[in-house]
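Listed below are the residues making up each chain.
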Amino acid sequence: MSVPALELSGISKRFGPVVACDGVDLTVAAGEIHGLLGENGAGKSTLMRILLGLVRKDAGTVALGGEPVAIDDPQTAARLGLGMVHQHFSLIEPLTVWENVVLGDTGRVDRRRARADVERVASGYGLPVDPDARVADLSPGLRQRVELVKCLRRDPSVLILDEPTSVLTQAESAELFAVLRTLVRTRGRAVVLISHKLGEITDATDRVTVLRRGRVRFRAATAATSPAELAREMVGRDVSLLTGATTRATTGATTEASTEATTEATTGPTTGPTPASTVGPATASLIESRPRNPGQALRLRGLTAPGIGPVDLDVAPGEIVGVYGVEGNGQSELGRVLAGLLTPDRGTVEARGLGMIPEDRHHCGLVPDLSVTDNLLMKSVGTFSNRLGLLDRRAMRRRAQRLIDEFGIVTPSPDTPVRRLSGGNQQRVVLARELSSQPEVLVAARPTHGLDVGATEEMYERLRRAARDGVGVLLVSTELEEVMALASRIVVLSRGRVTGELTTAEATTERLGLLLGGLAA
Ligand SMILES: Nc1ncnc2c1ncn2[C@@H]1O[C@H](COP(=O)(O)OP(=O)(O)OP(=O)(O)O)[C@@H](O)[C@H]1O
């Protein structure tokens, strides 16, 4: 093989007792898209943060184009041609596209040149974006395009993307992969792609490396492996999401027609297979959602807030209702209203015992400096005071340890500040707290976003179990496969309004597509 674009050898990093990277070797050739996989906490982000000068390694070497390099800070990384598109955007909303693109440049800012640069990169890669548009007005897909343009403007020799498609529509994801192909094929650059979506990895990459508990567990040419094998190597067992399961959709919930634009209402049980043509093998629906109590667990009437409404919606106890739509069409706003983060202008929300898995878990779901225990038990802390009114810390710790074990949260101890956990493990803390607080209705906003395949499978099972136990679940998702796998009814949001509702059995890609476009299906 010719000299690799990037060569990491024997990289190790410990955080106290936690070994995040343990002698990792990773080689990426020029002209290659390399998939980096691993379950939550496997060490992927740490490895990339070391490469970008954001974390100092304990051992190992980095070579670029065959030359050993020392990367002690992000400026050096950028100068050496390393670029990264982060999972969480770093754009400043009130600024324009070109202002964001030059942010971080040193020296005098030349407006004309900056605008020309944006246009040059945008047209060179087929990523059209208006340099004078305000970022606040852009959809998530366009924002990511700006991030990408900002990165490509520096013509990086190695580009790292951390879960880049989580906010993209399918069409936008396809566009992104076309850009990456151009980058590697015609310009000989190297790309490292971190993703939990295995289909994406097998479609888009040339080679893959799987990390498990900080070590390289598996390497392969992508063509020689499969999503099922990758999942097994990641989590150490077969993952049924990928191997297919029985397909049975049973809707027992009785609901009323829910909006003025509703096309169909579900009445009585509907049985039938999920239309196989619309979804892959990961979408088997095994919901048996039967209302235990009369009345609704969640009832929205005329709910109107900036970006949504009016929305009317009911969730019966024991039912999983999916709210599906393309990113930027009001799901986030709906989730934020239900989480109490956005004040509605009008309308009512009636809910009994609301549990909330917020979309932006890092900011709204956790207090980063508090321990895992405190984050897990903050909703039930009152039950841990003793006769003197003091908190029984030992009992809290025991309870927290049980939840840590049950939800497979990887943490050095229950006392560790939650900000030290990997992204996926932070999410598990939120899930464990909300699911264990015995809600009557659970709003799950993109619950598997950022979770590895094993954790996704567990999450599906937990939501199904919650519904079987009588909890009404409102699943807000941009993933078609996810709503098809879990929900018995699908409510489609387009431009903030409910454009229709279908049972999972009735839902086909075509009908959903029409509703997404704001047309009756
Ligand atoms: N600053 C830190 N302090 C202490 N521990 C840390 C720190 N950063 C990472 N870790 C630990 O290192 C391990 C690897 O974390 P890392 O974020 O690299 O995983 P990951 O593979 O990117 O996971 P995910 O898919 O969940 O994002 C985890 O156990 C995490 O808790």
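This report concerns the structure included in the present document. (Residues numbered from 1 in each chain as written. Predicted model: local features only at pLDDT ≥ 70, side-chain atom pairs only at ≥ 80, totals over all residues. Heavy atoms only, no water.)

1. Focus on the overall build of the protein chain
A count of helices and strands for the protein chain gives 17 helices and 22 strands. For the protein chain, with 521 residues in total, the buried portion stands at 53%. Within the protein chain, contacts between residues separated by at least 24 positions form 68% of all contacts whose residues are at least 6 apart in sequence. As displayed, the protein chain has an accessible area near 22,300 Å², and 49% of this comes from carbon and sulfur atoms. (Helix = DSSP H or I, 4+ residues; strand = E, 2+ residues; numbered from the N terminus. Buried < 20%, exposed > 50% of the residue type's maximum accessible area, 1.4 Å probe, protein only. Contact = heavy atoms within 4.5 Å. Areas by Shrake-Rupley, 256 points an atom, 1.4 Å probe, with all protein chains shown as cover.)

2. Notes on the nonpolar core
Ranked by internal contacts, the top residues of the largest apolar core, which has 48 residues, are Leu 148, Leu 152, Leu 159 and Leu 161. Among the elements that line this core, the one with the most residues is helix H6 (residues 170-185), at 6 residues. Beyond its immediate stretch of four places on either side in the chain, Leu 152 contacts Val 121, Tyr 125, Leu 127, Leu 159, Val 179 and Leu 183. Ile 320, Phe 384, Met 459 and Tyr 460 belong to the second-largest nonpolar core, a separate cluster that totals 46 residues. (Core = buried A, V, L, I, M, F, W, Y, C linked by side-chain atoms within 4.5 Å.)

3. Comments concerning the sheet that holds strand E18 (residues 354-357)
Here we have 6 strands laid out as an open sheet, ordered E18-E19-E20-E16-E21-E22, and mixed in their pairing. The open sheet has two edge strands with one neighbour each: E18 and strand E22 (497-503). Within the sheet, the average angular offset between the axes of one strand and its neighbour, ignoring direction, is 20°. Pairing analysis gives 5 bridges linking strand E19 (residues 441-445) to strand E20 (residues 472-477), with the strands arranged parallel. Looking at the pairing, Ala 445 lines up with Val 476 of E20. Its contacts with the sheet put helix H14 (residues 423-436) on E18 and E19, and the angle it makes with E18 is roughly 170°. Relative to strand E21 (residues 489-494), helix H17 (residues 509-516) is tilted by about 35°, and along the sheet it contacts strand E16 (320-324), E21 and E22. (Pairing = 2+ DSSP bridges. Axes fitted to C-alpha atoms, helices over the stretch in contact; angles between N-to-C directions.)

4. Comments concerning the sheet that holds strand E3 (residues 33-38)
The 6 strands lie next to each other as E6-E7-E8-E3-E9-E10, forming an open sheet whose pairing is mixed. Two strands lie at the open edges of the sheet, namely strand E6 (82-85) and strand E10 (215-221), each paired on one side alone. Going from strand to strand, the sheet's axes swing by 20° on average, the running direction of each strand aside. Bridging between E3 and strand E8 (residues 190-194) involves 4 bridges; their strand directions are parallel. Among the inter-strand pairings, Ile 33 is bridged to a residue of E8, identified as Val 191. Relative to E3, helix H1 (residues 44-51) is tilted by about 135°, and along the sheet it contacts E3, E6, strand E7 (158-162), E8 and strand E9 (207-212). In the packing of H6 onto the sheet, the strands contacted are E3, E7 and E8, and the crossing angle to E8 comes to about 150°.

5. Quick word on the packing of helix H5 (residues 140-152) against H6
Contact geometry of H5 with H6 gives a least axis separation of 11 Å together with a crossing angle of 10°. Relative to H6, the element H5 lies roughly parallel. In this structure, H5 contributes Gly 141, Leu 142, Gln 144, Arg 145, Leu 148 and Leu 152 to the contact, and H6 contributes Glu 172, Glu 175, Leu 176, Val 179 and Leu 183. (Parallel < 35°, antiparallel > 145°, perpendicular 65-115°, else oblique.)

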